[in-house]
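Single-letter residue listing:
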Amino acid sequence: MAVVTQSRYLLDNINVLVLDDNKHMRSIVQSILHALGVKNIRDASDAAEAFKELQHFHADVIICDWHMEPLDGLDFVRLVRTAKDSPNPYLPIIMLSGFTEYRRVVEARDAGVNEFLAKPISARALYQRFASIIENPRPFIRTKTYFGPDRRRQNLGPPRGVAERRKGEIEKLPPEPGAGSEPGADGLSQDQVEALLNKA
Amino acid sequence: MSDSQIIHAPHNLKKAKIGTGPAKLDAKAIERAERVVKSMEKDYAVWAQDDLGTLEATFARYRARTGDPAENMRTMFRIALDMKGQGASFGYQLVTEIADRLAAFLENRDTLGPFDCEVVMAHVAAMRAVFAQDVRGDGGGTGRALIGGLHKLIEKAAAQAGSGTTS
């Protein structure tokens, strides 16, 4: 009788670059990543440093804050996507942000982020974003005004049957309690953010 | 000819999954990570109050017209945004809520009128109180009353701004 092995994620062989100008936030993210099994993590406190780091650190995923100076997270995403000396324009980017208003999420999407995670974050929410990137690689689109992951992933994905199977590959996680799921005063909840990114 | 080009980039994260079927949620890894975050709670309470101290000191500089006012405003906004982005990760949802409102109040604002300063002080005092009493979660009825009071202050500031009143 054949033995069926359950598929699982193995994060210990991926390289992650964490960019945030707040040292405590970098520490939180790195601690969560370590506990989830990620071993190769580099961090940077500003966009220029992060871009320099990418020249010799072969990141598989970037986790990037939005509100930074002098270059903000959107500037950094655009650098990675379109700069001539970008080492990998296709790098998956998860944007972490305290900005969760509708227009902000759209702005991040249009800059070329793959995933958007509202602060405050939780371990579960971050894990979920990794799962999404692993399970749902998106084609890239180049137009006169945009280069980045397909913003209409429902329309340009694989044939319907395959897409449905892929969707089903991510184990459904229970609703996020507390951190990461509560809408801000005028912001979107994480569920609303995901709905927006998926229905663009 | 279409103006858009579709590029199927290499999927480098294939290596992060074993097997091809539905992936199992690694509940143990998530629990481990949640425990790590929990273990940082005491450290968080210390650094968050340090942040609050920096916010107060910056606000004092702003009021005393010391340094660049625009820079002081940006610093206050950044600290409020950082505090919003961390509180609930450590169980202090009320800090996230208050800081969120303060960040929204400060964003894109170049100056603070006298009543605006009261709004800022009230938010800072509210966060101080949350830490002093170690209020976790949303604070229940007291938390709702606190948020309601801060909301009224912001509405009053907006009404004064709309009518041209500055104090």
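Rules and cut-offs
- Residues numbered from 1 in each chain as written.
- Chains lettered and ligands numbered in written order.
- Predicted model: local features only at pLDDT ≥ 70, side-chain atom pairs only at ≥ 80, totals over all residues.
- Helix = DSSP H or I, 4+ residues; strand = E, 2+ residues; numbered from the N terminus.
- Rg over C-alpha atoms; globule rule 2.2 N^0.38 Å.
- Buried ≥ 20, exposed ≤ 12 C-beta atoms within 10 Å, placed from the backbone.
- Contact = placed C-beta atoms within 7 Å.
- Nonpolar A, V, L, I, M, F, W, Y, C, P; charged D, E, K, R; others polar.
- Arc of directions from axis to C-beta.
- Axes fitted to C-alpha atoms, helices over the stretch in contact; angles between N-to-C directions.
- Parallel < 35°, antiparallel > 145°, perpendicular 65-115°, else oblique.
- Left-handed = near helix turned anticlockwise from the far one by under 90°.
- Pairing = 2+ DSSP bridges.
- Right-handed = clockwise from strand over helix to strand, strands pointing away.

Trainee: Which residues make up the overall build of chain B, and what values do they have?
Mentor: Scanning chain B from terminus to terminus reveals six helices and three strands. In chain B, the order of α-helices and β-strands from amino to carboxyl end is β-β-β-α-α-α-α-α-α. Relative to a compact globule of 167 residues, whose C-alpha radius of gyration would be 15 Å, chain B shows 22 Å and is clearly more extended. When the backbone C-alpha atoms are referred to their principal axes, chain B occupies close to 65 × 55 × 30 Å. When each of the 167 residues of chain B is scored for burial, the buried share is 35%. Counting only contacts in chain B whose residues sit at least 6 apart along the sequence, the fraction spanning at least 24 positions is 68%.

Trainee: Explain the interface of chain A and chain B to me, and be specific about the residues and the numbers.
Mentor: Across the boundary between the two partners, chain A contributes 52 residues, which contact 46 residues of chain B. Of the residues in the side of chain A that touches chain B, the class split is 27 nonpolar, 15 polar and 10 charged.

Trainee: Give me helix 2 (residues 47–54) of chain A: which residues, what numbers.
Mentor: All names here are of chain A. Among the residues of helix 2, Ala47, Ala50, Phe51 and Leu54 are the ones counted as buried. Around the axis of helix 2, the buried residues are gathered within 100° of arc, so they sit on the same side. Looking at helix 2, the residues exposed on the side facing more than 90 degrees away from the buried face are Glu49 and Lys52.

Trainee: Outline the packing of helix 2 (residues 41–63) of chain B against helix 3 (residues 69–87) of chain B, listing residues and values.
Mentor: Residues and elements named next belong to chain B. Contact pair helix 2 / helix 3: the axes reach a minimum separation of 9 Å and the direction vectors enclose 160°. Regarding the angle of helix 2 to helix 3, the classification is roughly antiparallel. For helix 2 against helix 3, the interelement crossing comes out left-handed. Residues Tyr44, Ala48, Asp51, Thr54, Leu55, Thr58, Phe59, Arg61 and Tyr62 of helix 2 lie in contact with helix 3, whose contacting residues are Pro69, Asn72, Met73, Thr75, Met76, Ile79, Ala80, Asp82, Met83 and Gln86. For the contact of helix 2 with helix 3, the residue count by class is 11 nonpolar, five polar and three charged.

Trainee: Help me get a handle on helix 4 (residues 102–111) of chain A, residues and values and all.
Mentor: All names here are of chain A. Residues Arg104, Val105, Ala108, Arg109 and Ala111 constitute the buried set of helix 4. Burial along helix 4 is one-sided: seen end-on, the buried residues are contained in an arc of 165°. Two residues or fewer after helix 4 comes Gly112, characterised by a positive phi angle close to 115°.

Trainee: Please provide a residue-by-residue account of the environment of Leu36 of chain A, values included.
Mentor: Residue placement: Leu36 of chain A occurs in helix 1 (residues 23–36). Looking at Leu36 of chain A, the number of C-beta atoms within 10 Å reads 22, which means it is buried. For the pair Leu36 of chain A and Leu11 of chain A, spaced 25 residues apart in sequence, the C-alpha separation works out to 7.2 Å. Those residues in contact with Leu36 of chain A that sit more than four places away from it in its chain are Leu11, Ala123 and Tyr127 of chain A together with Ala29 and Ala33 of chain B.

Trainee: Please give an account of the packing of helix 3 of chain B against helix 4 (residues 93–106) of chain B that cites residues and values.
Mentor: Residues and elements named next belong to chain B. Following both chains from N to C, one finds helix 3 and helix 4 inclined at 150°, their axes separated by 7 Å at the closest point. Taken together, the axis directions place helix 3 and helix 4 in an arrangement best described as roughly antiparallel. Remark: the crossing between helix 3 and helix 4 carries left-handed chirality. Here Met73, Met76, Phe77, Ala80, Leu81, Met83, Lys84 and Gly87 of helix 3 lie close against helix 4, whose contacting residues are Gln93, Val95, Thr96, Ala99, Asp100, Leu102, Ala103 and Leu106.

Trainee: I'd like a description of the pairing of strand 3 (residues 40–44) of chain A, backed by residues and values.
Mentor: All names here are of chain A. Pairing between strand 2 (residues 15–19) and strand 3: five bridges, direction parallel. In the sheet register, Val16 faces strand 3, and the bridge partner there is Ile41. Once the chain exits strand 2 it traverses helix 1 before rejoining the sheet at strand 3, and the crossover so formed is right-handed.

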